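The lines below spell out each chain.
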Amino acid sequence: MDRQAIPVLTESQKMEGRKFRPSLTSRRKQDQTAGRVLFAVTLLPIALVTLITIGLAARFWPILKVYSFWDLVSGTVWKPQDGLFGFWPFISGTFWVTIVGAGLAIPPCILTALYLSEYARQSTRAIMKPLLDLLAAIPSVVYGVWGVIAIVPLVEKNIAPFFEKYLGFVPIFVSKNPTGYSILSGGIVLAVMIAPFIIAVTYEVLMTVSEGLRQASLAVGATQWQTIRSIILKQTMPGIIAAVVLGATRALGETMAVLMVVGNVPQVPRSIFDTAYPLPALIANNYGEMMSIPLYDAALLGAAFILLVIILIFNIASTLVLQRMLGKRWV
Amino acid sequence: MDAHIQIKNLNAYYDDIQALKDVNIELPRKQITVIMGPSGCGKTTLLKTFNRFLELTDKTSITGEVLIDGQNIYERDIDVTEVRKRVGLLAQRPFPLPMSIYENVAYGMHIHRMKNNRNEYRKAVRHYLEVAGLYDEVKTRLTNPATSLSIGQQQRLCLARGLAVEPEIILGDEPTSALDPVSSQHIEGRLLGLKEQYTIVIVTHTLRQAKRLADYVIYMYMGEVVESGPAKEVFNNPKQERTRAYLEGQF
Amino acid sequence: MKKHWHRRHIIEAFVKAVMIFSFIIVAGSLGLILWTVISRGLPALTWSMVSQTPKGGFYLGKEGGILNAIIGSLYLAGGGTLIALLFSLPIALYLETYLGDSRRGQYVRLALDILWGIPSIVYGAFGFIVMLAFGLRASLLGGIIALALIELPIMTRAMDEVIRRMPADLEQAALALGSTRLEIATRVVTRQMLPGIVTAILLAFGRGIGDAAAVLFTAGYTDRIPASILQPAASLPLAVFFQLGMPYPEVQKRAYASALILTIIVLAISLGSRWIAGRLSKYVMK
């Protein structure tokens, strides 16, 4: 192979010995100024988290001077007119609805994510992604409408009588509520709402398992399920738990859809067919009157504070796990 | 020739690209067969048809037959996990399973419930670690995670893991390409020792490794088998012009 | 090698069947929701629903429509998205070009993820406090600020992911040409990332328009179309919510129709963003 001749530089074309121009400084300055401005903007998210927490805590403070935190949280009577602010019915209601919702969502979501990552063809996966995006895009109030139209009657006419008849002896299945507005209805609606989120994050976590690892297991003659059980789940368990917790956190704070189907009676629930009154519903339903009764505003904003703190705890823990595994968060 | 693997009219496709064209060859029992050729010529694809790994990739299809001891492994009622138990694989890079050294070797045996009690498993694990030439290096730390081993040790662990399910055939997909020279030599030595008992098929793109290992050679080019035969004949006296060109280093 | 039905093969078949069943349940529930909303909403959907504001006695089942809510929602979500964009684009660019994967960058990302997880009712309560502090009443402005806070982490994180997926070579090529980091941020990154950024904006807009809990506190509700940002504004989710709460079947049917309108808008945004992203990705290095 012959090479092309390299053209010889004339004396004037040579760069050698020429000094670097200092005139870049104006551009460098621009760069540095922009850097400072942008850095200030970047502090905004951190400042915002702090500000929201402190702001709500400050508005909670007046009522804490009258009642102890423990009395508020464990109190079971809610009569703002009489100055009784017991949060326990709302806190327990929040957890009842969330646990039922997450309990219904978790098994099918993990199985679906496993199906997508381990069994489904590329074409099925390609359809599922936009489908999950669509499910996630539907506003919560629409889920609420669906709950009122489809789920509440279903619980009232079919599910509750069925459980009453065959499982009535189990305390949490006792049905004393004549309507379908219940924890179970809220749980079903929540389960469908958080499903796309849990599936998407779990799927991302499962995709971090390298193909070589799967093949290493298949190569010794393991079935797909044996591979999933002893390799894939083992490897990804922290991430899957984080995905599930994150999904449950969504359920904790969900307001409108739940509010529309859980009945909103301030009582401590005993069965999944009882009505409940979760914290977000309490805040949304009563914000209008909160300035008219003494300490009512502190109580309601305190409810928001308690909700925020519960969510922050779960949220930070699971986000840290996921950031470690994925280096990012699902969009 | 006592053929262990026979391939008849084998064609393989990725989507609509043909990766293997009308392959008809036989691989001898208890010898090392080396598949060589320039990259992208279908070596690895051919290897993947022997343990039905090609079907793990979407949109692949094959026609023709791969017979092991006269039985077509692509017949409908064939148990694919049984095929993979009888045909072991040593991958390009070691993939230790996320468990201890001991559990890695025992994994396949557990899956197939091959032993009756803990003691038998322990003996078997020790045996296969010895066969893979790793036992002395790890005997004091069998419960350590497998990822704590060096990459060369990991590859020998993968060899032990593959041997533990008692295959008849061992496939190696460029099994030393990720290793340092010393570790490579270690693996090559093991393979040469194992051919007394196993039929071994290795894919490689280094000619020198092919010459060191091969009893039987398959030379592929552009998805076709150009030439196959005993190593001595092919290396010293290739019948095809394309084989000669490859051996002389023209690719 | 003939297949014997060992226990593990039976388990395998069973597990696979259960997984496919789960998959069908999940995919089916989307269909079920859409079917419910369409089948109930379509019969009640009339032209006057989308072209008129509520007339006297609207909430008793008389004449009128929800134009106030449609316009109000577009104002709210549009304003919120605009403000969120003003902050999230600089944050995302700074995160990538200045902070990268450094520890400080991770803190900012953690803060954004935490913000993302805070429910909208809490944003509403917080927005309410802020408005009290500034002596503001429930207004378009209040709603816009609350929605901007909700949309900020969604938009920033979505952009961050897009920017992070930018080929490293491209940035290095630009650096090699002697560009400063600001020049990279404004010229190279934005161009390469335009489709992703548009998608992020639309994603946030979709969240904003569907949000109910935060605007309940901050934007209020009115039957008129707001003429200034200090007047209250109606929104579609709240229109659905309030109408559904009325005891008259006529009004409840309108709630279904309103839910249908909201769903159509949100799905159109979701599908539209895919389409736009596809159109814009001409110059994008894959």
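As the structure is a computational prediction, the values presented were derived from the model and not from experiment.

Asker: I keep staring at the overall build of chain A and nothing clicks. Help me out?
Answerer: For chain A, the count of helices and strands is 11 helices and two strands. The N-to-C order of helical and strand elements in chain A reads α-α-β-β-α-α-α-α-α-α-α-α-α. Relative to the 2.2 N^0.38 estimate, which gives 20 Å for 331 residues, the radius of gyration of chain A is 28 Å and therefore markedly larger than a compact globule would have. Taking the principal axes of the C-alpha coordinates as reference, chain A spans close to 95 × 60 × 35 Å. Sorting the 331 residues of chain A into buried and exposed places 56% on the buried side. Mean positive and mean negative side-chain charge positions of chain A (26 and 16 charges, respectively) differ by 8 Å.

Asker: What is the right way to look at the side chain of Thr199 of chain B in this model?
Answerer: Residue and element names in this part refer to chain B. Mapped onto the fold, Thr199 is located in strand E8 (residues 199–204). Here the side chain of Thr199 touches His4 through a polar contact of 2.6 Å, side chain to side chain. Ignoring sequence-local partners within four residues, the contact set of Thr199 consists of His4, Pro28, Arg29, Lys30, Gln31, Glu168, Ile169 and Ile170.

Asker: Could you clarify how one ought to interpret the nonpolar core in this entry?
Answerer: Side chains that are nonpolar tend, in soluble globular proteins, to be buried together. In this structure, Ile52, Leu56 and Phe87 of chain A are the most contacted members of the largest nonpolar core, which totals 191 residues. Looking at which element gives the most residues to this core, the answer is helix H6 (residues 183–206) of chain A, with 18 residues. For this core, the domains that each give at least three residues are domain 1 (7–44) and domain 2 (58–283) of chain C. Apart from residues no more than four positions distant in its own chain, Phe87 of chain A is found in contact with Phe60, Leu72, Val73, Gly75, Trp78, Leu282, Ala299, Gly302, Ala303 and Ile306 of chain A. Formed by 45 residues, the second largest nonpolar core is a distinct cluster that contains Leu129, Tyr135, Val217 and Tyr219 of chain B.

Asker: Can you walk me through the sheet that holds strand E4 (residues 60–68) of chain B in this structure?
Answerer: Pairing between the strands of a sheet comes from backbone hydrogen bonds, and it takes one of two forms, parallel or antiparallel. Residues and elements named next belong to chain B. The strand order E2-E1-E4-E5 describes an open sheet built from four strands, whose pairing is antiparallel. Because the sheet does not close on itself, it has two edges, and the strands there are strand E2 (17–28) and strand E5 (71–72). Here strand E1 (residues 3–14) pairs with E2 via eight bridges, running antiparallel. Within E2, the residue paired with Gln6 across the bridge is Glu26.

Asker: Could you clarify how one ought to interpret the interface of chain C and chain B in this entry?
Answerer: Accessible area lost on assembly of the parts is the figure often given for the size of an interface. With six residues of chain C at the interface, the matching set in chain B holds 14 residues. Of the roughly 930 Å² buried between chain C and chain B on both sides combined, carbon and sulfur atoms contribute 47%. Across the chain C-chain B interface, the total number found is four residue pairs in polar contact (both at pLDDT 80 or more). Looking at side-chain class alone, the side of chain C that touches chain B contains one nonpolar, one polar and four charged residues.

Asker: It is not clear to me how the interface of chain C and chain A should be interpreted in this structure. Could you clarify?
Answerer: Residue-level contacts link 81 residues of chain C with 82 residues of chain A. Summing both sides of the interface, chain C and chain A together bury roughly 7,600 Å²; the carbon and sulfur share of this comes to 78%. Looking only at chain C, the three residues that lose the most surface to chain A are Met19, Phe23 and Ile33 of chain C, adding up to 9% of its buried area. If you look at where chain C meets chain A, you find one salt bridge. With its nearest N and O atoms 2.9 Å apart, the salt bridge here joins Asp133 of chain A to Arg274 of chain C. At 20 residues, helix H1 (residues 7–44) of chain C tops the list of elements feeding residues into the side of chain C that touches chain A. Taken together, the residues of the side of chain C that touches chain A sort by class into 55 nonpolar, 12 polar and 14 charged.

Asker: Got a minute to help me understand a nonpolar patch on the surface in this structure?
Answerer: All names here are of chain C. A cluster of nonpolar side chains, contributed by Leu82, Ile83, Leu86 and Phe87, occupies part of the molecular surface with about 380 Å² of accessible area. Tracing the sequence through the fold places Leu86 in helix H3 (residues 67–99). For Leu86, a relative accessible area of 61% gives the class exposed.

Asker: Can you walk me through the side chain of Gln323 of chain A in this structure?
Answerer: With respect to the helices, strands and loops of the structure, Gln323 of chain A is situated in helix H11 (residues 296–326). According to the relative accessible area criterion, Gln323 of chain A is buried, its value standing at 11%. Only 3.4 Å separates the side chain of Gln323 of chain A from the side chain of Asp113 of chain C, close enough to count as a polar contact.

Asker: Would you take a moment to explain empty space enclosed by the protein for this structure?
Answerer: Space left empty within the atom packing is revealed by a probe, the size of a water molecule, rolled over the atoms. Under the definition given, this model contains two cavities of 30 Å³ or more. Space inside the largest cavity adds up to approximately 40 Å³. Every residue along the wall of the largest cavity is listed here: Gly88, Leu89, Leu90, Cys158, Leu159, Gly162, Leu163, Pro167 and Ile170 of chain B. Every element with two or more residues in the lining of the largest cavity is listed here: strand E6 (87–90) and helix H6 (151–163) of chain B. Among the elements that make up the lining of the largest cavity, the one with the highest residue count is H6 of chain B (four residues). For the second largest cavity, the calculated volume is near 40 Å³. Thr94, Val97, Thr98, Leu190, Ala251, Leu252, Glu254, Val258 and Pro278 of chain A together form the lining of the second largest cavity. Put simply, the parts of the chain that give the lining of the second largest cavity at least two residues each are helix H3 (88–119) and helix H8 (224–253) of chain A. For the lining of the second largest cavity, the leading source of residues is H3 of chain A, giving three residues. Considering only residue class, the lining of the second largest cavity consists of six nonpolar, two polar and one charged.

Asker: Can you help me understand the pairing of E8 of chain B in this one?
Answerer: Residue and element names in this part refer to chain B. Where burial is concerned, most of E8 is hidden: six out of the six residues are buried. Side chains of E8 alternate between two faces, with Thr199, Val201 and Val203 and Ile200, Ile202 and Thr204 buried alike. Summarising the sheet, strand E3 (residues 32–36) and E8 pair through five bridges and their orientation is parallel. What sits directly across from Ile32, in E8, is Ile200. You can see the chain leave strand E7 (residues 169–173), run along helix H7 (residues 181–194) and come back into E8, and the turn it takes is right-handed.

Conventions we followed
Residues numbered from 1 in each chain as written. Chains lettered and ligands numbered in written order. Predicted model: local features only at pLDDT ≥ 70, side-chain atom pairs only at ≥ 80, totals over all residues. Heavy atoms only, no water. Helix = DSSP H or I, 4+ residues; strand = E, 2+ residues; numbered from the N terminus. Rg over C-alpha atoms; globule rule 2.2 N^0.38 Å. Buried < 20%, exposed > 50% of the residue type's maximum accessible area, 1.4 Å probe, protein only. Lys, Arg positive; Asp, Glu negative; His and termini not counted. Charge placed at Lys NZ, Arg CZ, Asp CG, Glu CD. Polar contact = N/O pair within 3.5 Å; in protein donor to acceptor, adjacent residues only side chain to side chain. Contact = heavy atoms within 4.5 Å. Core = buried A, V, L, I, M, F, W, Y, C linked by side-chain atoms within 4.5 Å. Domains from an automatic or database assignment. Pairing = 2+ DSSP bridges. Buried area = accessible area lost by both parts, 1.4 Å probe. Nonpolar A, V, L, I, M, F, W, Y, C, P; charged D, E, K, R; others polar. Salt bridge = Lys/Arg side-chain N within 4 Å of Asp/Glu carboxyl O. Patch = residues over 30% accessible without salt bridge, like charges linked within 9 Å, V, L, I, M, F, W, Y side chains within 5 Å. Areas by Shrake-Rupley, 256 points an atom, 1.4 Å probe, with all protein chains shown as cover. 1 Å grid on protein atoms, 1.4 Å probe; cavity = no way out; pocket = protein on both sides within 12 Å on 5 of 7 lines; lining within 4 Å. Points joined across faces, edges and corners; volume = space filled by probe spheres on them. Right-handed = clockwise from strand over helix to strand, strands pointing away.

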